[in-house]
Amino acid sequence: MDAAFQTCKSCGPTCATCESLQACKTCPIGFQLGATKCLNCARNQFIQGDTCVDCAANCLECSSATQCKVCAPGSELLSDGSCACAKDKFFDAATQNCV
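Draft legend 1. Molecular detail of the environment of Leu-39. Among the structural elements, Leu-39 can be located in strand β4 (residues 38-39). With a relative accessible area of 12%, Leu-39 lands in the buried category. Between the C-alpha atoms of Leu-39 and Cys-52, which are 13 residues apart in sequence, the distance is 7.4 Å. Excluding residues within four positions of it along the chain, Leu-39 makes contact with Gly-30, Phe-31, Gln-32, Gly-34, Ile-47, Asp-50, Thr-51 and Cys-52.

Written as structure tokens, this is what we have:
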């Protein structure tokens, strides 16, 4: 609702409902709500404010920079939320695997 003109305006294509043109309240399917925007982040990203941020290198899915949910193949999810390769392996960024 545009208070000045008492007319309704579209929230925009990435908001299901909004408080204003700058602030989404809910998002359509496939999007997640950031601080004020609906975002479609990749699986290996998390939302920080209104931005998609990459997870740690050997983390495939995370909820924050320090909390991994799913580790890369060959990695183990540790109790502190980080991922670690087995003792005799290292993380190869090119293949995204522990080798």
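Having seen the structure, we can now continue with the description.
Draft legend 2. Just the side chain of Asn-58, in detail. Residue position: Asn-58 is located in the loop between β6 (51-54) and β7 (59-62). Judged by its relative accessible area of 12%, Asn-58 falls in the buried class. Among residues more than four places away in sequence, those in contact with Asn-58 are Cys-71, Ala-72, Ser-75, Cys-83, Ala-84 and Phe-91.

Draft legend 3. Structural detail: the environment of Gly-49. Examined against the element boundaries, Gly-49 turns out to sit in the loop between β5 (45-48) and β6. For Gly-49, a relative accessible area of 40% translates into the label partly exposed. The contacts of Gly-49, once residues within four sequence positions are left out, are Gly-34 and Ala-35.

Draft legend 4. Focus on the layout of surface pockets. Approximately 190 Å³ is the volume attributed to the largest pocket. For the largest pocket, the lining is made up of 14 residues, of which Gln-32, Arg-43, Gln-45, Phe-46 and Cys-62 are closest to its centre. Going through the elements one at a time, β5 and β7 are the ones with two or more residues in the lining of the largest pocket. In terms of residue count, the dominant contributor to the lining of the largest pocket is β5 (three residues).

Draft legend 5. Looking closely at the environment of Val-53. Structurally, the position occupied by Val-53 is in strand β6. Those residues in contact with Val-53 that lie beyond four places of it in its chain are Asn-44, Gln-45, Phe-46 and Gln-48.

Draft legend 6. Quick look at the nonpolar core. Listed in full, the seven residues of the largest apolar core are Phe-46, Cys-55, Cys-59, Cys-62, Cys-68, Cys-71 and Cys-83. Broken down by secondary-structure element, the contributors of at least two residues to this core are β7 and β8 (68-71). The residues contacting Phe-46, other than those within four sequence positions of it, are Cys-41, Thr-51, Cys-52, Val-53, Asp-54, Cys-62, Ser-63, Ser-64 and Ala-65.

Conventions we followed
Sequence positions are assigned chain by chain, starting from 1 and proceeding in written order. For this predicted model, a pLDDT threshold of at least 70 governs which residues receive local features, and a threshold of 80 or more governs which side-chain atom pairs are given and counted, while totals over whole chains, interfaces and linings are taken from all residues. The side-chain quantities take in all heavy atoms of the structure and omit both hydrogens and water. Elements are defined by DSSP. Helices are runs of H or I of four residues or more, strands are runs of E of two residues or more, and each kind is numbered from the N terminus. Only protein chains enter the calculation, and the probe is 1.4 Å; a residue is then buried if its accessible area is under 20% of its type maximum, exposed if over 50%, and partly exposed in between. Throughout, a residue-residue contact means that at least one pair of heavy atoms, one from each residue, lies within 4.5 Å. Put simply, the grid is 1 Å and covers the protein atoms alone, a cavity is a trapped set of points that fit a 1.4 Å probe, a pocket is an open set with protein on both sides within 12 Å along at least five of seven lines, and lining residues have an atom within 4 Å of a point. Grid points are joined across faces, edges and corners, and a volume is the space filled by probe spheres set on the points. Nonpolar cores were defined as sets of buried Ala, Val, Leu, Ile, Met, Phe, Trp, Tyr and Cys residues, with membership established by side-chain atoms within 4.5 Å.

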